[in-house]
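Each chain is listed here by its residues.
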Amino acid sequence: MTELTAILGKKVALVGLGKSGQAAKSLIEFQFPNLDLITFDDSSKEADTLNPDEVVKFNPTCLIVSPGYPLSTPWLQKTISTGVSFLNEVDLASFYLTTEKSIGITGSIGKSTTAAMIYQGAHTMDSNAFLGANFGTPFCEYIVDVLKNQRPRAQWLILELSSYHLETLKHLTLDLGIITYLAPNHLERYPNVDSYYETKWKIADRTKGQVLLNMHSDDIAKEFPK
């Protein structure tokens, strides 16, 4: 935990209080009760503040940013430019993995279905298998339950990863990666389709084993011509 402690520092700002943000908050409060923590969400009354200026003034040492908030958001860029660390909820959870094997699934189409099918197969071998991240249960919720002895560790983790996760993923290492299908999507967040696809391909950088590709996807097949 030395590396994580150094990344977090003493003042953490949690940006976004959806399901993943709440799970990250639970993990931070459980493991680091003495940290100075502020929560921000511009649409949640549960947050400490709805005003991003308050986060900037807080001068955090680390930002934990939920997928719904792009790092390109001007006030986030302003804060990051000061040299603060940043994590997403999936990376935060990854520091607590020990014996688990992980399969990451991404794609424009079919990632939830693929993740669910793989989970059903994994569950026949491992009754404690976990399905989560973008689909179902936040990853930090699994970690909190393990640390509180409310569930055993899984042998297999099935993690659906959106492009929003992959934008900022820096610490999770996957045993196996899967890209189901590529098609233009989320172009309100990305400047063009190439930028969106480049984000999806980042799953290969986070995978130490094989990355399985659906060659029936024309835009994947273009990258690997016969």
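Above this text you will find the structure in question.
The shown structure was predicted, so the numbers you read here are calculated from the model rather than taken from an experiment. Here the residue numbering is sequential within each chain, running from 1 through the sequence in written order. Reporting of local features is limited, given that this is a predicted model, to residues whose pLDDT is at least 70; pairs of side-chain atoms are given and counted only at 80 or more, and all residues count toward the totals for whole chains, interfaces and linings. Excluded from the side-chain calculations are hydrogens and water; all other atoms, namely the structure's heavy atoms, are used.

J.: Could you clarify how one ought to interpret the overall build of the protein chain in this entry?
T.: A count of helices and strands for the protein chain gives 10 helices and 9 strands. Against the 2.2 N^0.38 benchmark of 17 Å for 226 residues, the protein chain shows a C-alpha radius of gyration of 18 Å, consistent with a compact globule. By principal-axis analysis of the C-alpha atoms, the protein chain measures approximately 55 × 45 × 30 Å. For every residue, the accessible area obtained with a 1.4 Å probe (protein chains only) is divided by the maximum for its type, and the residue is called buried under 20%, exposed over 50%, and partly exposed between those limits. By residue count, 49% of the 226 residues in the protein chain fall in the buried class. The numbering of helices and of strands both runs from the N terminus, where a helix is a DSSP run of H or I of at least 4 residues and a strand a run of E of at least 2. As defined in this context, the radius of gyration uses C-alpha atoms, and a globule is described by 2.2 Å times the residue total to the power 0.38.

J.: Can you walk me through the pairing of strand β7 (residues 156-160) in this structure?
T.: The side chains of a regular strand alternate, residue by residue, between the two faces of the sheet. Of all 5 residues in β7, 4 are buried, a share of seventy percent or more. Both strand β5 (residues 101-106) and β7 contribute to a ladder of 5 bridges, which runs parallel. Pairing of Ser102 across the sheet is with Leu157, part of β7. With the strands pointing away from the viewer, any crossover whose connection runs clockwise from the first strand over the helix to the second is right-handed. Regarding the hand of the β-α-β motif, the stretch spanning strand β6 (residues 130-133), helix α7 (residues 139-147) and β7 is right-handed. Here, any two strands with at least 2 DSSP bridges between them count as paired.

J.: It is not clear to me how the layout of surface pockets should be interpreted in this structure. Could you clarify?
T.: Regions of empty space are outlined by a rolling probe, equal in size to a water molecule, passed over the atoms. By volume, the largest pocket amounts to about 190 Å³. Grid points spaced at 1 Å over the protein atoms alone were grouped into cavities, where a 1.4 Å probe fits but cannot get out, and pockets, open sets with protein on both sides within 12 Å along at least five of seven lines, with lining residues defined by an atom within 4 Å of a point. Around the largest pocket sit Ser94, Leu97, Thr98, Glu100, Lys101, Ser102, His171, Leu172, Thr173, Asp175 and Lys208, which together line it. Grid points are joined across faces, edges and corners, and a volume is the space filled by probe spheres set on the points. Roughly 160 Å³ of volume is contained in the second largest pocket. Pro70, Leu71, Ser72, Glu167, Thr168, Arg189, Tyr190, Thr199 and Lys202 are the residues that line the second largest pocket. Gly is placed with the polar residues, together with every amino acid not listed as nonpolar (Ala, Val, Leu, Ile, Met, Phe, Trp, Tyr, Cys and Pro) or charged (Asp, Glu, Lys and Arg). Among the residues forming the lining of the second largest pocket, the class breakdown is 3 nonpolar, 3 polar and 3 charged.

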